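# Summary of structural features
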Amino acid sequence: IGNEQAGTAAYSVPQLSDYSTELKLETNRIGREMSFKKMTGSSRHLTCGMIVIKYTMADGVQTYCHPHPGKQFSAKGFPRLAILPNNEKGNIVLGLLVKAFRRRMVFTVGPSLSRGEDDCVTWNGIHHKSQLHDNGNGHGYPDIGYLDRVLDELKKTGVQ
C-alpha cells in the first residue's frame, strides 16, 4: 500500500481494513455513505497517484421513488470501491461525484444485470472505474477518455 504523504514508488488499492478517510458523507438514511482517500505515488497507469472512493450502502425498504415501494431492497456487493487519478481533473470529478452522491444520483434500486436479481442497489448511469488495471471488462485503467466521459455524464444529469 502506498504512502499517502511521502509518495512511494508503487502501491495497490487499499484493503477495506486499511481504510481511513479524509471525508465521510452520509445521506439522510442510515447505512449510506461515501468516503475517499487520496494517495500519492504511482502505478503503471496512474503516475499522479490515485483517489480511492468507498461507497457503503445497506439493505432497506423502497420508498415512493423506487420501483416497488414498501418492498425490501438488497445492497449486495457493498462496500464498493472506485478509483480516480489524483490530478486536477480527477479532483474535479471527485467534487462532482460528492455532489451527485448528496443528491442521491450515484445509485438506484432496480434489477441487477450482473446478479440477475431484482430490487438491488445498482449504479445509476454515472460510470466508475473499480479496478486499478483493466482486465478487458472496461472497469480499469488505462482509459484516456474516462474523465471526459464521466464529466459529460455528470453534466447530463445536472451535476456541474
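As shown above, the structure is provided for reference.
If you're wondering where the values come from, they're calculated on a predicted model, not measured in any experiment. (Residues numbered from 1 in each chain as written. Predicted model: local features only at pLDDT ≥ 70, side-chain atom pairs only at ≥ 80, totals over all residues. Heavy atoms only, no water.)

Another point: the pattern of salt bridges. Applying the stated criterion across every chain yields a total of 6 salt bridges. Between D143 and K129 there is a salt bridge, and its shortest N-O distance comes to 2.6 Å. Highlighted residues: D143 in the loop between β8 (117-123) and α2 (146-156) and K129 in the loop between β8 and α2, separated in sequence by 14 residues. Judged by relative accessible area, which is 21%, D143 ranks as partly exposed. In this structure, the salt-bridge partner of D152 is K156, at a minimum N-O distance of 3.2 Å. Of this pair, D152 and K156 both sit in helix α2, 4 residues apart, roughly one helical turn. Of the residues examined, D152 reaches a relative accessible area of 38% and is grouped as partly exposed. (Salt bridge = Lys/Arg side-chain N within 4 Å of Asp/Glu carboxyl O. Helix = DSSP H or I, 4+ residues; strand = E, 2+ residues; numbered from the N terminus. Buried < 20%, exposed > 50% of the residue type's maximum accessible area, 1.4 Å probe, protein only.)

This part covers helix α1 (residues 88-102). For α1, spanning 15 residues, the distance from its first C-alpha to its last is 22 Å, which sits close to the expected 21 Å at 1.5 Å a residue. The complete set of buried residues in α1 reads G90, V93, L94, L96, L97, V98, A100 and F101. Residue N87 occupies the N-cap position of α1, its side-chain oxygen lying 3.3 Å from the main-chain nitrogen of K89. (Expected span 1.5 Å × (residues − 1). Polar contact = N/O pair within 3.5 Å; in protein donor to acceptor, adjacent residues only side chain to side chain.)

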